[in-house]
Amino acid sequence: MILYITVAAVTVLLAGMVVNRPVTQPYRVTRQQMYNRVSLLSVFLILFALSACRLNVGNDYVRYMEFMHLIRYDAYVPTEIGFNLLVKLIFGLSGFENYLLVFAVYAFATILLFLAAMYGQSEDFPLTFFLFMMLGYYFQSFSTVRYYFALAIALYAMKFVLRRQWGRFVLLILFGAAFHKSLLVVLPLYLLATVRWKKWQLAAAALFCTTFVFCQEWYLKLVVFLYPTYEDTEYLEGGTSYINIARCAAVLALALFVLYRERRGGDGAAMDEDRDRAFWFYFYLNLGALVLYVFCSFLPIISRIGYYLTVSHILFVPMLLREVKNVRWRRALRLGVLAAAVLYFAVYMSRADNDGTRILPYQTFFFGNRVPIESDFK
């Protein structure tokens, strides 16, 4: 745990030196631009090294090794074609079951996409990166590596939604779905979040949500149709997270505070069109996540769908704080956000060795041997 806390602290300090909207000068690299490059490269290398050098860290590490072993011999695996082709390519080039390189490639792509999305889309990169680390997105990427690669793609793709570049958005999502098909849910969900909902439409949507209460069997059958491997497994047990519900409710409360006090009743200037579009997009993503966590707890692994929506928090919260014009209010709210994030991180780390997380103890292949898999005992 000391290693993880140290990595989090060092990378957060490095990220604090980054200004992702630097003043530029023609034909000259400014000092701030140089700070940005050195800091971002350092952050990337630290996070990549920790992730790429791990051994048997993550709740499904051994399971992925088994999948890779089966892929080499063309046996059936429930993973998508993109993952399977990547494994075959790396194993073919390596000449052996080089699963360590597969994990390293995923770590490289996932961290790079997250950093690129945060740097390009955040209004306050240091705070966004702080939330990224404290809310566990980086450490949780040690598990379900396919899913967190897809989550990084979803975050990066948000800029195409906001720019109305639908072709690029759809192509990127289809590419990501080749590695984790759950990513396809963002096509309708992100599109719905771009709609400026009227009151009667929100009322109709609320009425539709009641079907999640009365038609649970039908929705479960639909899930089994989409994910046949879930049938008769513990994945169909469902469940939700009260912490995520509280988080969504808190972000919603902050958004409403900004909407009604700062934008309508305050002395702040109105948002320009682009920021206004981003505000409502993130707002409806958060509202949709809250609805899912409250009404759809019976659906298997609802958190995976919800995370595609709540990952926007790391962009939305810094944006909301920037909208608060009163200095005292802004400082108080910022301190509240920082304290809540640190508390979340402390709770997460206290459970880091539990089943379902298993990122503790940290092990590396520099001091360990190959992990046995199920096929070794057949």
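Residues numbered from 1 in each chain as written. Predicted model: local features only at pLDDT ≥ 70, side-chain atom pairs only at ≥ 80, totals over all residues. Heavy atoms only, no water.

A.B. asks: Would you take a moment to explain the overall build of the chain for this structure?
C.D. replies: Along the chain, the regular secondary structure elements total 18 helices and zero strands. With 378 residues in all, the chain has 48% of them scored as buried. For the chain, the exposed surface amounts to about 19,000 Å²; the carbon and sulfur share of it is 65%. (Helix = DSSP H or I, 4+ residues; strand = E, 2+ residues; numbered from the N terminus. Buried < 20%, exposed > 50% of the residue type's maximum accessible area, 1.4 Å probe, protein only. Areas by Shrake-Rupley, 256 points an atom, 1.4 Å probe, with all protein chains shown as cover.)

A.B. asks: Please explain a nonpolar patch on the surface as it appears in this structure.
C.D. replies: On the surface, a cluster of nonpolar side chains totalling about 340 Å² of accessible area is made up of Val170, Leu171, Leu174 and Leu184. Tracing the sequence through the fold places leucine 184 in the loop between α9 (166–177) and α10 (186–193). (Patch = residues over 30% accessible without salt bridge, like charges linked within 9 Å, V, L, I, M, F, W, Y side chains within 5 Å. Salt bridge = Lys/Arg side-chain N within 4 Å of Asp/Glu carboxyl O.)

A.B. asks: I keep staring at helix α17 (residues 313–323) and nothing clicks. Help me out?
C.D. replies: Within an α-helix, residues lying three or four positions from one another point in the same direction, as the helix has 3.6 residues per turn. The buried fraction of α17 amounts to 10 of the 11 residues, a majority that puts the element mostly inside the structure. All buried positions along α17 are accounted for by His313, Ile314, Leu315, Phe316, Val317, Pro318, Met319, Leu320, Leu321 and Glu323.

A.B. asks: Quick question: what am I supposed to make of the nonpolar core here?
C.D. replies: Generally speaking, nonpolar side chains in soluble globular proteins are found buried as a group. By size, the foremost hydrophobic cluster in this structure holds 119 residues, and its most contacted members are Phe129, Met133, Phe139, Tyr190 and Tyr282. At 15 residues, the largest contribution of residues to this core is made by helix α8 (residues 145–162). (Core = buried A, V, L, I, M, F, W, Y, C linked by side-chain atoms within 4.5 Å.)

A.B. asks: Looking at this structure, I do not really get the pattern of salt bridges. What am I missing?
C.D. replies: Taken as a whole, this structure holds 10 salt bridges when the rule is applied. For the salt bridge of glutamate 80 with arginine 146, the shortest nitrogen-to-oxygen distance reads 2.7 Å. Placement of the pair is glutamate 80 in the loop between α3 (61–72) and α4 (81–94) and arginine 146 in helix α8, with a sequence separation of 66 residues. Across the pair, arginine 146 and glutamate 80 agree in class, each one buried. A salt bridge links glutamate 123 to arginine 275; the shortest N-O distance between them is 2.8 Å. Placement of glutamate 123 in the loop between α5 (99–121) and α6 (125–134) and of arginine 275 in helix α15 (residues 273–295) is noted, with a sequence separation of 152 residues between them. Among the ionic contacts, a cluster of salt bridges with common partners joins Glu123, Arg275, Glu323 and Lys325.

A.B. asks: Help me understand the packing of α6 against α17, please; the structure alone is not making it clear to me.
C.D. replies: To characterise two packed helices, one gives the angle between the axes of the helices and the distance between these axes. Where α6 contacts α17, the axes come no closer than 9 Å and their chain directions differ by 140°. With respect to their mutual orientation, α6 and α17 come out oblique. As α6 runs across α17, the sense of the crossing is right-handed. The residues of α17 that touch α6, namely those facing Leu127, Thr128, Leu131 and Phe132, are His313, Ile314, Leu315, Val317, Pro318 and Leu321. For the contact of α6 with α17, a count of residues per class yields eight nonpolar, two polar and no charged. (Axes fitted to C-alpha atoms, helices over the stretch in contact; angles between N-to-C directions. Parallel < 35°, antiparallel > 145°, perpendicular 65-115°, else oblique. Left-handed = near helix turned anticlockwise from the far one by under 90°. Contact = heavy atoms within 4.5 Å. Nonpolar A, V, L, I, M, F, W, Y, C, P; charged D, E, K, R; others polar.)

A.B. asks: I keep staring at the side chain of glutamine 140 and nothing clicks. Help me out?
C.D. replies: As for its placement among the helices and strands, glutamine 140 is situated in helix α7 (residues 137–140). Take glutamine 140: its relative accessible area is 16%, and that puts it in the buried class. Of note is the side chain of glutamine 140, whose polar atom sits 2.6 Å from the side chain of tyrosine 348. Residue contacts for glutamine 140: discarding those within four places in its chain leaves Tyr148, Tyr348, Gly356 and Thr357. (Polar contact = N/O pair within 3.5 Å; in protein donor to acceptor, adjacent residues only side chain to side chain.)

A.B. asks: Teacher, can you tell me more about the packing of aromatic side chains here?
C.D. replies: For any pair of aromatic rings, geometry is given as the distance between the ring centres together with the angle between the planes. Inspection of the entire model under this criterion finds 41 aromatic pairs. Between tyrosine 4 and tyrosine 362 the ring centres are 6.0 Å apart and the planes differ by 80°, which places this aromatic pair in the edge-to-face class. With a gap of 358 residues between them, tyrosine 4 in helix α1 (residues 2–15) and tyrosine 362 in the segment after α18 (327–350) connect regions that are remote in the sequence. Centroid distance phenylalanine 169 to tyrosine 190: 6.1 Å. Interplanar angle 20°. Geometry classified as stacked. Of this pair, phenylalanine 169 sits in helix α9 while tyrosine 190 is found in helix α10, placing the two residues 21 residues apart along the sequence. Classification of tyrosine 190 as buried rests on a relative accessible area of 0%. Taken together, the ring pairs in this structure connect Tyr61, Tyr64, Phe67, Phe83, Tyr99, Phe103, Tyr106, Phe149, Phe175 and Phe179 into an aromatic cluster. (Phe/Tyr/Trp six-rings, centres within 6.5 Å; stacked < 30°, edge-to-face > 60°.)

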